[in-house]
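Next come the chains, spelled out residue by residue.
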Amino acid sequence: MTNIQLEIASRVKDMREVCEISLQDMAQKLDVPVEIYQKYESGEIDIPASILYEASQIFEVDTSLLLTGEDTRMSAFAVTRKDKGVRIDRREAYDYENLASNFAHKEMEPFIVTVMPRDDNYIPEPNYHKGYEFVYVLEGKLRIYIKDNIIDLEEGDSIYFDSLHKHSMVALGDKKVKFLDVLKL
């Protein structure tokens, strides 16, 4: 577990306690087993971006508060310059760059996600959450495992899916993959 992972877990736990929500109620609201939710708060398991987004909605705060500890300020618009988004280096398989971290009360979370190639037959642990996800490949080739399907996407291809279905993504070939990932819960 990384320091960032522990800091985020600590902020989630603190917010839950400030909001006076029990562990059981929070797990139920997020539709995850209590044991898994406890591991999120302890930092034992990395909290998926989708769960962080949903937790921020429950706490009625912006996701960036949970990610960075800083509150948002923009409400009319937010500009994020190329390669200047808030980096969230949380999971081995994915590098997230939040493209609207300083916009208050978002209805969706836009990220640029980078997936580095691997030599082995690695498939990341599948993720699932309430809501929908839109992925648009900017560069490279991306393989998506969703439900019982394997879908290969190239630059310019996109997919929109119900995030309740277990899904994971890997880079194909020897190039990194960059894609726009928009979460809507």
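Being a predicted model, the structure only gives us computed values, none of them experimental. (Residues numbered from 1 in each chain as written. Predicted model: local features only at pLDDT ≥ 70, side-chain atom pairs only at ≥ 80, totals over all residues. Heavy atoms only, no water.)

### Here's the deal with the sheet that holds strand E5 (residues 141-146)
Okay, so step 1: Strand order in this open sheet of three strands is E6-E5-E8, and the pairing throughout is antiparallel. Whereas interior strands pair on both sides, the edge strands pair on one side only; in this sheet they are strand E6 (149-153) and strand E8 (167-172). Within this sheet the neighbouring strands show an average axis-to-axis angle of 20 degrees, counted without direction.
Okay, so step 2: Relative to E6, E5 is paired through five bridges, and the arrangement is antiparallel. (Pairing = 2+ DSSP bridges. Helix = DSSP H or I, 4+ residues; strand = E, 2+ residues; numbered from the N terminus. Axes fitted to C-alpha atoms, helices over the stretch in contact; angles between N-to-C directions.)

### Concerning the pairing of strand E4 (residues 132-139)
Okay, so step 1: Judged from the five bridges that link them, E4 and strand E7 (residues 158-162) form a sheet pairing that is antiparallel. Among the inter-strand pairings, Tyr-136 is bridged to a residue of E7, identified as Ser-158.
Okay, so step 2: The sheet contact formed by E4 and strand E9 (residues 177-184) spans seven bridges and is antiparallel. Note on E9: the bridge partner recorded for Val-135 is Asp-181.

### Quick look at the sheet that holds strand E2 (residues 95-98)
Okay, so step 1: Strand order in the open sheet made by the six strands is E1-E2-E3-E9-E4-E7, with antiparallel pairing throughout. Either end of the sheet is taken by a strand with one partner, and the two such strands are strand E1 (86-88) and E7. On average, each strand axis in the sheet is tilted by 25 degrees relative to the strand beside it, whichever way the strands run.
Okay, so step 2: Strand direction decides the pairing type here: E1 and E2, joined by three bridges, are antiparallel. Note that in E2 the partner of Val-86 across the bridge is Asn-98.

### Observations regarding the layout of surface pockets
Okay, so step 1: The computed volume of the second largest pocket comes to approximately 260 Å³.
Okay, so step 2: Lining the second largest pocket we find 18 residues, and of these Arg-118, Asp-120, Tyr-122, Val-170 and Ala-171 sit closest to its centre.
Okay, so step 3: Put simply, the parts of the chain that give the lining of the second largest pocket at least two residues each are E5 and E8.
Okay, so step 4: Residues that form the lining of the second largest pocket fall into these classes: twelve nonpolar, two polar and four charged. (1 Å grid on protein atoms, 1.4 Å probe; cavity = no way out; pocket = protein on both sides within 12 Å on 5 of 7 lines; lining within 4 Å. Points joined across faces, edges and corners; volume = space filled by probe spheres on them. Nonpolar A, V, L, I, M, F, W, Y, C, P; charged D, E, K, R; others polar.)

### Quick word on the pattern of salt bridges
Pairing between side chains of opposite charge can happen when their charged atoms approach one another.
Okay, so step 1: Applying the stated criterion to the full structure yields nine salt bridges.
Okay, so step 2: We note a salt bridge from Lys-130 to Glu-54, for which the minimum N-O separation is 3.5 Å. Taken together, the positions of Lys-130 in the loop between strand E3 (109-115) and E4 and Glu-54 in helix H4 (residues 49-59) put the pair 76 residues apart, joining distant regions of the chain.
Okay, so step 3: On the basis of relative accessibility, which here comes to 33%, the residue Lys-130 falls in the partly exposed class. (Salt bridge = Lys/Arg side-chain N within 4 Å of Asp/Glu carboxyl O. Buried < 20%, exposed > 50% of the residue type's maximum accessible area, 1.4 Å probe, protein only.)

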